[in-house]
Amino acid sequence: LVARNFIPIDDNKDYGMAEPYLEITVTADDEDYVVKFGNQADEEPAYYASTPDKEEWIYLVHVSVVNDQLSKKAENFQAEDLKSDAEPAE
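Note that the structure is predicted; figures quoted are calculated from it, not measured.

> Before we move on, could you go through the overall build of the protein and cite the residues and values that matter?
Scanning the protein from N- to C-terminus turns up 2 helices and 5 strands. Order of helices (α) and strands (β) in the protein, N terminus to C terminus: β-β-β-β-β-α-α. Within the protein, buried positions represent 26% of all 90 residues. When contacts within the protein are restricted to residue pairs at least 6 apart in sequence, those whose partners lie at least 24 apart make up 40%.

> Mind laying out the packing of aromatic side chains, listing which residues take part and the relevant values?
Inspection of every chain in the model, using the stated rule, returns 4 aromatic pairs. Both rings, one in Phe6 and one in Tyr59, keep their centres 6.3 Å apart while their planes meet at 45 degrees; by these two values the pair is tilted. Residue Phe6 is located in strand 1 (residues 5-8), and its partner Tyr59 is located in strand 5 (residues 57-62); the two are separated by 53 residues in the primary sequence. Taking the centre distance of 4.9 Å and the plane angle of 5 degrees together, the rings of Tyr21 and Tyr47 count as stacked. Highlighted residues: Tyr21 in the loop between strand 1 and strand 2 (22-28) and Tyr47 in strand 4 (residues 46-50), separated in sequence by 26 residues.

> Pulling in residues and values, what's your account of the nonpolar core?
With 11 residues, the main nonpolar core is built from Leu22, Val35, Phe37, Tyr47, Ala49, Tyr59, Val61, Val63, Val65, Val66 and Leu70. Looking at this core, the elements with two or more residues in it are strand 3 (31-40), strand 4, strand 5 and helix 1 (63-70). The element best represented in this core is helix 1, accounting for 4 residues. Among all residues touching Tyr47, those that are not within four sequence positions of it are Tyr21, Phe37, Gly38, Asn39, Gln40, Ala41, Tyr59, Leu60, Val61, Val63, Val66 and Asn67.

> With reference to specific residues and values, describe a negative patch on the surface.
A surface patch of negative charge is lined by Asp29, Asp30, Glu31, Asp32, Asp53, Glu55 and Glu56. Here Glu31 lies in strand 3. By relative accessible area, Glu31 is classed as partly exposed at 44%.

> An account of the pairing of strand 3 is requested, with residue identities and associated values reported.
Of the strand pairs in this sheet, strand 2 and strand 3 are connected by 7 bridges, and their pairing is antiparallel. Residue Thr25 lies in a different strand from strand 3, and its bridge partner there is Val34. Once strand 2 ends, the chain turns through 2 residues before running back antiparallel as strand 3, passing Asp29 with a positive phi of about 50 degrees. Looking at chain direction, strand 3 and strand 4 are connected through 3 bridges and run antiparallel. Bridging from a neighbouring strand, Gln40 pairs with Tyr47 of strand 4. Between strand 3 and strand 4, which pair antiparallel and follow one another directly, the connecting turn spans 5 residues.

Conventions used here
- Residues numbered from 1 in each chain as written.
- Predicted model: local features only at pLDDT ≥ 70, side-chain atom pairs only at ≥ 80, totals over all residues.
- Heavy atoms only, no water.
- Helix = DSSP H or I, 4+ residues; strand = E, 2+ residues; numbered from the N terminus.
- Buried < 20%, exposed > 50% of the residue type's maximum accessible area, 1.4 Å probe, protein only.
- Contact = heavy atoms within 4.5 Å.
- Phe/Tyr/Trp six-rings, centres within 6.5 Å; stacked < 30°, edge-to-face > 60°.
- Core = buried A, V, L, I, M, F, W, Y, C linked by side-chain atoms within 4.5 Å.
- Patch = residues over 30% accessible without salt bridge, like charges linked within 9 Å, V, L, I, M, F, W, Y side chains within 5 Å.
- Areas by Shrake-Rupley, 256 points an atom, 1.4 Å probe, with all protein chains shown as cover.
- Salt bridge = Lys/Arg side-chain N within 4 Å of Asp/Glu carboxyl O.
- Lys, Arg positive; Asp, Glu negative; His and termini not counted.
- Charge placed at Lys NZ, Arg CZ, Asp CG, Glu CD.
- Pairing = 2+ DSSP bridges.

What follows is the structure, given as structure tokens:
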């Protein structure tokens, strides 16, 4: 996941993180990494995104990345993983 830009947090602005549009948790090496996607940005065609370890910044992630690649249900990701494992090698 690559952000298009990042901006310092403005305490007077609502980025939508209280009720995120999408929240993704990835577990690796027994540690959880969380990314929250809030409102669509005013600055460019992007969603605001945040991570707990960088609370002073808001990231801008292009709308197509969020809508086309990330806005899937968990079972869709799992089904694709299982499908690739089940297909015979050619």
